[in-house]
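Analysis of the macromolecular model
Each chain, letter by letter, is given below.
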Amino acid sequence: MHRAARIEDWLHDKREKFARRRGHLPIVIPYTGYGTTERVRILCRVLLSKPVKSTGATRKRRRNDKRDASIRGWRSFTSVPVNDVTVTIDIGGKAHRVQADRGGVVDTVMQVNLEPGWHNAKLHTHASESVDAPVFVVAPDVRTGVISDVDDTVMVTTLPRPLLAAWNTFVLDEHARVPTPGMAVLLDRLADATPGAPVIYLSTGAWNVAPTLSRFLSRNLYPAGALLLTDWGPTHDRLFRSGREHKRDNLRRLAHEFPDMKWVLIGDDGQHDEAIYSEFQQDFPQCVAAVAIRRLSPSEAVLAGRRAKDAAEAKPDPLWVYGPDGASLAAQLADLGFIEDPGAPGPID
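Below is a summary of the structure that appears in this document. (Residues numbered from 1 in each chain as written. Predicted model: local features only at pLDDT ≥ 70, side-chain atom pairs only at ≥ 80, totals over all residues. Heavy atoms only, no water.)

**A few points about the packing of helix 4 (residues 183–193) against helix 9 (residues 326–335)**
When two helices pack together, their arrangement is given by the angle between the helix axes and the distance between those axes. Heads up, the rule is: Note on method: axes are straight lines fitted to C-alpha atoms, helices fitted across the in-contact stretch only, with angles between N-to-C directions ranging 0 to 180 degrees. Only DSSP runs of H or I with at least four residues qualify as helices, and only runs of E with at least two residues qualify as strands; both kinds are numbered from the N terminus onward. Should an angle lie under 35 degrees it is considered roughly parallel, over 145 roughly antiparallel, and from 65 to 115 roughly perpendicular; all remaining angles are considered oblique. Crossings are assigned a handedness: left-handed for a near helix turned anticlockwise from the far helix by less than a right angle, right-handed for a clockwise turn. In this description, contact between two residues means that some pair of their heavy atoms is separated by no more than 4.5 Å. Here the nonpolar group is Ala, Val, Leu, Ile, Met, Phe, Trp, Tyr, Cys and Pro; Asp, Glu, Lys and Arg are the charged ones; every other residue, Gly included, is treated as polar.
Remark: helix 4 packs on helix 9, axes separated minimally by 7 Å, with the N-to-C direction vectors making an angle of 30 degrees. One element, helix 4, and the other, helix 9, form an angle in the roughly parallel class. Regarding helix 4 and helix 9, the two cross each other, and that crossing is left-handed. Across from Met-183, Leu-186, Arg-189 and Leu-190 in helix 4, the residues of helix 9 making contact are Gly-326, Leu-329, Ala-330 and Leu-333. For the contact of helix 4 with helix 9, the per-class residue count stands at six nonpolar, one polar and one charged.

**Quick word on unusual backbone geometry**
The test is simple: Burial classes follow relative accessibility: with a 1.4 Å probe on protein chains only, a residue under 20% of its type's maximum area counts as buried, one over 50% as exposed, and anything between as partly exposed.
In this structure, Asp-152 takes a positive phi of about 65 degrees despite not being glycine. Among the secondary structure elements, Asp-152 is positioned in the loop between strand 9 (144–148) and strand 10 (155–156). Of the residues examined, Asp-152 reaches a relative accessible area of 1% and is grouped as buried. Residue Leu-221 is not a glycine yet carries a positive backbone phi of 65 degrees. Following the sequence through the fold, Leu-221 ends up in the loop between helix 5 (210–219) and strand 13 (226–230).

**Overview of the environment of Arg-248**
For the record, the criterion: The definition of a polar contact used here is a pair of N or O atoms within 3.5 Å, where within protein one atom must be able to donate a hydrogen and the other to accept one, and adjacent residues in sequence count solely through side-chain atom pairs.
Its place among the elements puts Arg-248 in helix 6 (residues 243–257). As for Arg-248 and Ile-276, which are separated by 28 residues in sequence, their C-alpha atoms are 6.6 Å apart. In this structure, Arg-248 is in contact with Ile-276 and Glu-279, ignoring residues within four places of it in sequence. Side chain to side chain, Arg-248 and Glu-279 meet in a polar contact 2.7 Å long.

**A word on the sheet that holds strand 9**
Within a beta sheet, neighbouring strands are joined by backbone hydrogen bonds and run either parallel or antiparallel to one another. Heads up, the rule is: Being paired, for any two strands, means DSSP has found at least two bridges between them.
The strand order across the open sheet built from six strands is 13-12-9-14-15-16, with neighbouring strands paired in parallel fashion. Two strands bound the open sheet, and with one partner strand each, they are strand 13 and strand 16 (320–323). Each strand axis lies, on average, 20 degrees off the axis of its neighbour in the sheet, ignoring direction. Pairing of strand 12 (residues 199–206) with strand 13, which is carried by four bridges, proceeds in the parallel orientation. The partner of Tyr-201 across the bridge, within strand 13, is Leu-227.

**So, the pairing of strand 7 (residues 117–124)**
With three bridges connecting them, strand 4 (residues 86–91) and strand 7 associate as antiparallel partners. Residue pairing for strand 7: Ile-89 is matched across the bridge by Leu-123. In terms of strand pairing, strand 7 meets strand 8 (residues 131–137) through seven bridges, oriented antiparallel. Looking across to strand 8, one finds that His-119 is bridged to Val-135.

Note that all results are geometric; they support no functional claim without further evidence.
If you want it as structure tokens, here you go:
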């Protein structure tokens, strides 16, 4: 194991022992999962938290609600993960037990027969209360899905700028995060164009910020979907995890899990989305319906260390569309037939 990973494990062990001596108990943080009618992918994280006294439960709940309404990013990174705990998953009348990984994250697949639509999985440890994890089951006849990046695609975080990215991640109030103009409408129209279409938010962000991102997406009326994030820090063989490999691995996994699905891929030109989506299209051409890339503004591009791209530059493929916001991308996807053109005349009675 890499030395940095051993140091991280030692630090987690010390923090866990200290928290347990203070009476903290494991809690399960559920994340949205997805799957088919035969198997589902369940995601959650186990953390240590101070128990709530029954006499002050109502007051504690109100205080937590107020805190969650104005939570700052750094709080998400002070939690203590638990890696030596077994999580029990109950869904569809079946139970599955799995061990959390080094970061307290559970990412597992259960073989279970379910009807298409939304379901709830019950998650708990031996010392925690049961919580519900939403799971979206895709119908076998659905052939189109949506995969979207988060940073600088649905949320303006200027992630390529290191200092401002740190401010947005660790300090900025979640209510001050800015949605990208028109992107919520675009994703909603794409989801409505194919009833039952899965929506996947694929990001290099850490699992620590998943609750914050979920509240942001819900508050700004983005369609509900699974968040596929990563666990920051060292791995067994390298100092830092690779965000690009995280995206590549999950795209390949989705292609194998849904071999008959064609995905509309949405990203931006500020990081590596163009290269990653292009590689995926070359490896799995049958799995790509269209690619929509949001162009950063000139000021965003300059501060990101890139030159502003010319809007007249040739597209790499007819299925690729470029635009500065969701409205521009929606108009071009409407021309390709993926969504209904709101300006088109309706049927004559």
